[in-house]
Amino acid sequence: IDFRSYRAYFIVELILTYALMLAAGYWGHWFSFTIGNILIISAMYLIIYCCIHGYFYKMRRYEADEINALLNNQ
């Protein structure tokens, strides 16, 4: 899929992986599906997802800057 912005990519990936996590949680009986549990699980998922995504985004950005610096030195 050709996304127009990084934000669109991030939101679509977040929604798809959240749906997969909920489906796996339901079929795997990881937690009970009450409003309180879903709110807690959703908050934890959002925080963890954003941290992991942010880390890999910064790593890719660092690597791209490093490659560009090497190319400029040639």
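Residues numbered from 1 in each chain as written. Predicted model: local features only at pLDDT ≥ 70, side-chain atom pairs only at ≥ 80, totals over all residues. Heavy atoms only, no water.

J.: So what about the overall build of the chain? Which residues, and what values?
T.: Regarding its fold elements, the chain presents two helices and zero strands. The proportion of buried residues among the 74 residues of the chain is 14%. Within the chain, contacts between residues at least 6 apart in sequence are counted, and of these 57% link residues at least 24 apart. Entry remark: accessible area of the chain is about 6400 Å², with carbon and sulfur atoms responsible for 69%. Of the side-chain charges in the chain, 5 are positive and 5 negative, and the distance between the mean point of each set is 9 Å. (Helix = DSSP H or I, 4+ residues; strand = E, 2+ residues; numbered from the N terminus. Buried < 20%, exposed > 50% of the residue type's maximum accessible area, 1.4 Å probe, protein only. Contact = heavy atoms within 4.5 Å. Areas by Shrake-Rupley, 256 points an atom, 1.4 Å probe, with all protein chains shown as cover. Lys, Arg positive; Asp, Glu negative; His and termini not counted. Charge placed at Lys NZ, Arg CZ, Asp CG, Glu CD.)

J.: Explain the nonpolar core to me, using residue names and the numbers behind them.
T.: Counting seven residues, the largest nonpolar core consists of Leu14, Met21, Leu22, Phe31, Ile41, Tyr45 and Tyr49. Among the elements of the structure, α1 (6-27) and α2 (35-72) are those that each provide at least two residues to this core. Discounting chain neighbours no more than four positions away, the residues touching Met21 are Trp30, Phe31, Ile41 and Tyr45. (Core = buried A, V, L, I, M, F, W, Y, C linked by side-chain atoms within 4.5 Å.)

J.: Got a sec to walk through a nonpolar patch on the surface? Specific residues and values, please.
T.: On the surface, Ile40, Met44, Ile47, Ile48, Ile52, Tyr55, Phe56 and Met59 cluster together into a nonpolar patch covering about 810 Å² of accessible area. Here Ile52 shows up in helix α2. Judged by relative accessible area, which is 47%, Ile52 ranks as partly exposed. (Patch = residues over 30% accessible without salt bridge, like charges linked within 9 Å, V, L, I, M, F, W, Y side chains within 5 Å. Salt bridge = Lys/Arg side-chain N within 4 Å of Asp/Glu carboxyl O.)

J.: Outline unusual backbone geometry, listing residues and values.
T.: Even without being glycine, His29 reaches a positive phi, approximately 55°. Of note, His29 is situated in the loop between α1 and α2.

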